Number of protein chains: 2
Amino acid sequence: MERLRWQVAAVATLGLALALEALPSVLHWLRAGRRQQRRRPPRREVLFFPSQVTCTEALLQAPGEGPSGPPAGCLCSLPHGESSLSRLLRALLAARASLELCLFAFSSPQLGRAVQLLHQRGVRVRVITDCDYMALNGSQIGLLRKAGIQVRHDQDLGYMHHKFAIVDKKVLITGSLNWTTQAIQNNRENVLIMEDEEYVRLFLEEFERIWEEFNPTKYTFFPQKKQSH
Amino acid sequence: MERLRWQVAAVATLGLALALEALPSVLHWLRAGRRQQRRRPPRREVLFFPSQVTCTEALLQAPGEGPSGPPAGCLCSLPHGESSLSRLLRALLAARASLELCLFAFSSPQLGRAVQLLHQRGVRVRVITDCDYMALNGSQIGLLRKAGIQVRHDQDLGYMHHKFAIVDKKVLITGSLNWTTQAIQNNRENVLIMEDEEYVRLFLEEFERIWEEFNPTKYTFFPQKKQSH
């Protein structure tokens, strides 16, 4: 009888010990499962160009521009599937709070409309560009400025040759692609879309460095009037 | 006495249970420690340009070129520290088996020497470039061809505008930088150095696609002589 009680007690202790030991793992597993549901894997994508020419109207329709209700399917003759350009537009249009653009050349009308849409939606858009290309025929820079978007440019001999965007300080978009229709439709180009804290931080620091350096108060770009004395 | 024996047995069982439970964690911890020692973290670096002008002679000295033994310190007046260019050179010169280059413009003498050095060391170098820029004054492409390095180029209107390199099919080097002295010393540019299986695979596929498409057997680049009948 005493021995049975002894055995029961031993088994019960063992069971309790195992249960207590396992508890943190079970809790961790449950928590990890919930985290997994909340956190999708970080975005990592590569877009190669030239992009197939597709219709991007559905993506670029401003609220109030089309009929009320969901925008009707566009009836134009272009294909309506996904393309590298539509993916790039989607990545930009995901912005909710901020968009930093650091672009050598910017003349694509679709990308220009996307940036203006974001500005209309209240996203804080800032643009850095190259002085040699901003005034060329077809450049979007004048239109962005007219819409009230802040633009700063270099004023020296070297090119501001970056081609990157930062969406909501979370996603870096960077590569070889200048934002021109020529490049999108005809060139071999690459664009990386990376949700990556470290790369975003480094590129954001580069953006802020250049933004400050290109502060218009420092411009000597337009020749100063000679002082009369 | 019986009660004491009961207590000792219970404590012993608990201890054994805890020890058994902890064993896998301890083993895992030991194994992870060993793994950590073997595997350094994958390389992730961003280089921003313009690069400080530094002396890169020590990096580029071919065996046999200098005096026997370790190369003597260069006595030129340039600074001899690290720069974005020296880091880029180092990343390239780490190649042991293969180097794929896909470059819009290539005229930097230092980068040209690095590529020739790798070719001399038996690294399999393949170059894809743009036909509009390869014959310009100062281009390295002719020198590379002369040294026996395989080069292929586009022959259409769009630019081959990529600027990437793949080292030993393990490290991707890509960004906005054309390999010209003008860009290295004067432009705002970025270059990512990424040891990343997925990105390397995608860029290598792009390289092989273009390499095959630009196969010289398919060139119609040089106007064909008209048939006499």
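Owing to the predicted nature of the structure, the values given are computational and were not obtained by experimental measurement.

The rules behind the values
- Residues numbered from 1 in each chain as written.
- Chains lettered and ligands numbered in written order.
- Predicted model: local features only at pLDDT ≥ 70, side-chain atom pairs only at ≥ 80, totals over all residues.
- Heavy atoms only, no water.
- Helix = DSSP H or I, 4+ residues; strand = E, 2+ residues; numbered from the N terminus.
- Buried < 20%, exposed > 50% of the residue type's maximum accessible area, 1.4 Å probe, protein only.
- Areas by Shrake-Rupley, 256 points an atom, 1.4 Å probe, with all protein chains shown as cover.
- UniProt positions renumbered as here; feature names shortened; annotations may be inferred.
- 1 Å grid on protein atoms, 1.4 Å probe; cavity = no way out; pocket = protein on both sides within 12 Å on 5 of 7 lines; lining within 4 Å.
- Points joined across faces, edges and corners; volume = space filled by probe spheres on them.
- Nonpolar A, V, L, I, M, F, W, Y, C, P; charged D, E, K, R; others polar.
- Least-squares fit on C-alpha atoms with pLDDT ≥ 70 in both.
- Contact = heavy atoms within 4.5 Å.
- Buried area = accessible area lost by both parts, 1.4 Å probe.
- Salt bridge = Lys/Arg side-chain N within 4 Å of Asp/Glu carboxyl O.
- Polar contact = N/O pair within 3.5 Å; in protein donor to acceptor, adjacent residues only side chain to side chain.
- Pairing = 2+ DSSP bridges.
- Axes fitted to C-alpha atoms, helices over the stretch in contact; angles between N-to-C directions.

**Q** Account for the overall build of chain A, with residues named and values stated.
**A** Helix and strand content of chain A: 8 helices and 7 strands. The buried share of chain A, reckoned over its 229 residues, is 44%. Of the accessible surface of chain A, which amounts to about 13,000 Å², a share of 56% is contributed by carbon and sulfur atoms.

**Q** Could you give an account of the UniProt feature "domain: PLD phosphodiesterase" (unreviewed entry) in chain A, naming the residues involved and the relevant values?
**A** In the numbering adopted here, UniProt assigns the feature "domain: PLD phosphodiesterase" (unreviewed entry) to residues 156–183 of chain A. This span, residues 156–183 of chain A, is 11% helix and 36% strand, and a straight line between its end C-alpha atoms measures 25 Å.

**Q** Can you explain unusual backbone geometry? Please cite residues and give values.
**A** Residues Phe49 of chain A and Pro50 of chain A are joined by a peptide bond in cis, for which omega reads 15 degrees. The phi dihedral of Asp168 of chain B is positive, around 50 degrees, even though this residue is not glycine. In this structure, Asp168 of chain B sits in the loop between β5 (163–167) and β6 (171–175). A positive phi is found at Lys169 of chain B, a non-glycine position, where the angle reads about 55 degrees. Structurally, Lys169 of chain B can be placed in the loop between β5 and β6.

**Q** So what's going on with the layout of surface pockets? Residues and values would help.
**A** Estimates place the volume of the largest pocket at around 680 Å³. Lining the largest pocket are 35 residues, and of these Phe104 and Tyr133 of chain A together with Phe104, Tyr133 and His161 of chain B sit closest to its centre. Secondary structure elements with two or more residues in the lining of the largest pocket: α7 (181–186) of chain A together with α7 (181–186) of chain B. Here the lining of the largest pocket is built from residues that sort into 14 nonpolar, 18 polar and 3 charged.

**Q** Run through the relation of the copies chain B and chain A, naming residues and quoting values.
**A** Overlay of chain B on chain A (RMSD 0.9 Å): rotation 180 degrees, translation along the axis 0.6 Å. The transformation just described matches what one would write down for a two-fold rotation axis. Most of the interface of chain B is mirrored in chain A, where 100% of its interface residues again form contacts.

**Q** Could you give me a rundown of helix α3 (residues 84–93) of chain B, with the residues and numbers involved?
**A** Judged by how many residues are buried, α3 of chain B sits mostly within the fold: 8 of 10 residues are covered. What α3 of chain B keeps buried is the set Ser84, Leu85, Ser86, Leu88, Leu89, Ala91, Leu92 and Leu93 of chain B.

**Q** Can you break down the interface of chain B and chain A residue by residue, with the values?
**A** Frequently, the measure chosen for interface size is the accessible area that the parts lose on association. With 46 residues of chain B at the interface, the matching set in chain A holds 46 residues. Surface buried jointly by chain B and chain A totals about 3,800 Å² across both partners, of which 58% is contributed by carbon and sulfur atoms. For chain B, the biggest contributors to the area lost against chain A are Arg44, Arg188 and Tyr199 of chain B; these three give 20% of the whole. In this assembly, chain B and chain A are joined by 6 salt bridges. The shortest N-O distance in the salt bridge between Glu198 of chain A and Arg44 of chain B comes to 3.1 Å. Inspection of the chain B/chain A interface yields 20 residue pairs in polar contact (both at pLDDT 80 or more). For the side of chain B that touches chain A, the secondary structure elements donating two or more residues are α1 (2–38), β1 (44–49), β5, β6, α7, β7 (189–195) and α8 (197–213) of chain B. Ranked by the residues each element gives to the side of chain B that touches chain A, the list is headed by α1 of chain B, at 10 residues. Considering only residue class, the side of chain B that touches chain A consists of 20 nonpolar, 12 polar and 14 charged.

**Q** I'd love a proper account of empty space enclosed by the protein, names of residues and values included.
**A** Summary: where empty space remains is shown by rolling a probe the size of a single water molecule over the atoms. All names here are of chain A. Going through the model one piece at a time under the given rule, you end up with 3 cavities of 30 Å³ or more. Its volume calculated, the largest cavity comes out at about 70 Å³. Surrounding the largest cavity, Gln52, Val53, Thr54, Ser83, Leu85, Ser108, Gln110, Thr181, Ile184 and Gln185 form its lining. Ranked by residue count, the leading element in the lining of the largest cavity is α7, at 3 residues. Residues belonging to the lining of the largest cavity are distributed by class as follows: 3 nonpolar, 7 polar and no charged.

**Q** Which residues make up the pairing of strand β1 (residues 44–49) of chain A, and what values go with them?
**A** Residue and element names in this part refer to chain A. Within β1, 5 of the 6 residues are buried, which leaves it mostly tucked inside the rest of the structure. Pairing analysis gives 6 bridges linking β1 to strand β7 (residues 189–195), with the strands arranged antiparallel. Each residue of the ladder has a partner; that of Phe49, found in β7, is Glu189.

**Q** So what about the sheet that holds strand β3 (residues 124–129) of chain A? Which residues, and what values?
**A** All names here are of chain A. Spatially, β1-β7-β6-β5-β2-β3-β4 is the arrangement adopted by the 7 strands of the open sheet, whose pairing is mixed. Because the sheet does not close on itself, it has two edges, and the strands there are β1 and β4 (150–153). Between one strand and the next, the sheet's axes are offset by a mean angle of 10 degrees, whatever the strand orientation. Examined bridge by bridge, strand β2 (residues 98–103) and β3 share 6 bridges and lie parallel to one another. The residue bridging Ser98 from the neighbouring strand is Arg124, located in β3. The sheet strands contacting helix α3 (residues 84–93) are β1, β2, β5 (163–167), β6 (171–175) and β7, and the helix crosses β1 at an angle near 140 degrees. In the packing of helix α8 (residues 197–213) onto the sheet, the strands contacted are β2, β3, β4, β5, β6 and β7, and the crossing angle to β3 comes to about 70 degrees.

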